[in-house]
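What follows is the residue order along each chain.
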Amino acid sequence: MSRTRSASECATCKQTPREDESGRFTCACGTPWVRRWGIRGTPEEEALLKLSGFIFTLDIQGDTYYVGPLGHIVYLYSGGDWDSDKAPREQSLEEYLTWIKEKLAALSQPY
Ligand SMILES: [Zn+2]
């Protein structure tokens, strides 16, 4: 597994495009973006995602992504890249999933 982090950032305003009230993707400077659709990962990727508590989701619009135990979302794209709304920029997908697993383990420690 060697996905690169998606560079979903506007070159002008450095913001990540977000869906507005009318369902269009746009950023702070108003550039229109085409929505990217997620894909299902390989069996190896799915196994790793599952170990960190991520569940495959198909939403009503037909988009696919993985929802994690802390409410994080992981997108896998057909271009061999990935993205997450909450993952630190410098982490690889493997590092991010390990980080989540450690976070969960820490949360479940008894007092
Ligand atoms: Zn912009």
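What you see as residue numbers is a count from 1 along each chain, following the sequence as written. In keeping with the model being predicted, local features are shown solely for residues with a pLDDT of at least 70 and side-chain atom pairs are shown and tallied solely at 80 or more, while totals for entire chains, interfaces and linings include all residues. No hydrogens and no water enter the side-chain calculation; it runs on all heavy atoms of the structure.

*Asks:* Pulling in residues and values, what's your account of the nonpolar core?
*Replies:* Soluble globular proteins: nonpolar side chains tend toward being buried together. Counting residues in hydrophobic clusters, the biggest one holds 11 residues: Leu49, Phe54, Tyr66, Val74, Leu76, Trp82, Ala87, Leu93, Tyr96, Leu97 and Ile100. Put simply, DSSP H or I for four residues or longer makes a helix, DSSP E for two residues or longer makes a strand, and each gets a number counted from the N terminus. Taken together, the elements giving at least two residues each to this core come down to β7 (73-76) and α2 (93-107). When residues in this core are grouped by element, the largest group, 4 residues, is from α2. Residues count as neighbours in contact if any of their non-hydrogen atoms are within 4.5 Å of one another. Filtering out sequence-adjacent residues up to four positions away, Tyr96 remains in contact with Phe54, His72, Val74, Trp82, Ser84, Ala87, Pro88 and Gln91. Think of a nonpolar core as a cluster: buried Ala, Val, Leu, Ile, Met, Phe, Trp, Tyr and Cys residues, connected wherever their side-chain atoms sit within 4.5 Å. Burial classification: accessible surface area is computed with a 1.4 Å probe over protein chains only, and a residue below 20% of its type maximum counts as buried, one above 50% as exposed, and the rest as partly exposed.

*Asks:* Just give me the short version of the domain arrangement of the protein, but keep the residues and values in it.
*Replies:* Much of the literature gives interface size as the accessible area that the parts lose upon coming together. All domain edges in this entry derive from an automatic or database-based domain assignment. Split into domains, the protein comes out as domain 1 (8-36) and domain 2 (38-111). A C-alpha centroid distance of 22 Å is found between domain 1 and domain 2. Of the residues lining the interface, 4 residues belong to domain 1; the matching set on domain 2 comes to 10 residues. Interface of domain 1 and domain 2: buried area, both sides summed, is about 530 Å²; carbon and sulfur atoms make up 22% of it. Buried area is understood as the total, over both parts, of accessible area removed when two parts are fitted together, assessed with a 1.4 Å probe. Looking only at domain 1, the three residues that lose the most surface to domain 2 are Ser8, Arg35 and Arg36, adding up to 87% of its buried area. Put simply, a salt bridge is a Lys or Arg side-chain nitrogen that is within 4 Å of an Asp or Glu carboxyl oxygen. At the junction of domain 1 and domain 2, the tally comes to 2 salt bridges. Between Asp81 and Arg36 there is a salt bridge, with the nearest N and O atoms lying 3.0 Å from each other. Two N or O atoms count as a polar contact when they lie within 3.5 Å, although within protein this holds only if one can serve as hydrogen donor and the other as acceptor, and sequence-adjacent residues are included solely when both atoms are side-chain atoms. Between the two partners, domain 1 and domain 2, sit 3 residue pairs in polar contact (both at pLDDT 80 or more). Looking at the side of domain 1 that touches domain 2, its residues break down into no nonpolar, 1 polar and 3 charged. Residue classes follow a fixed rule: Ala, Val, Leu, Ile, Met, Phe, Trp, Tyr, Cys and Pro count as nonpolar, while Asp, Glu, Lys and Arg count as charged, and any other residue, Gly among them, counts as polar.

*Asks:* Can you lay out the coordination of the zinc ion for me, pointing to particular residues and giving the numbers?
*Replies:* Here a donor is any nitrogen, oxygen or sulfur atom (N, O, S) within 2.8 Å of the metal, with 3.2 Å used for Na, K and Ca; water is not among the atoms considered, so some sites may look incomplete. Protein ligation of the zinc ion involves Cys10 (SG), Cys13 (SG), Cys27 (SG) and Cys29 (SG), the donor distances falling in the range 2.3 to 2.4 Å. Just to be clear on the cut-offs, tetrahedral is four donors with all angles between 85 and 135 degrees, square planar is four donors and octahedral six with opposite donors over 155 degrees apart and all others between 65 and 115, and anything else goes down as irregular. For the zinc ion, the 4 donor atoms in the first shell make angles of 105 to 118° at the metal, so the coordination geometry reads as tetrahedral. Sequence positions of the residues that donate to the zinc ion give the spacing C-x2-C-x13-C-x1-C. Taken together, the positions of Cys10 in the loop between β1 (4-5) and β2 (18-19) and Cys27 in the loop between β3 (25-26) and β4 (32-33) put the pair 17 residues apart, joining distant regions of the chain. The two residues Cys10 and Cys27 agree in class, both being buried.

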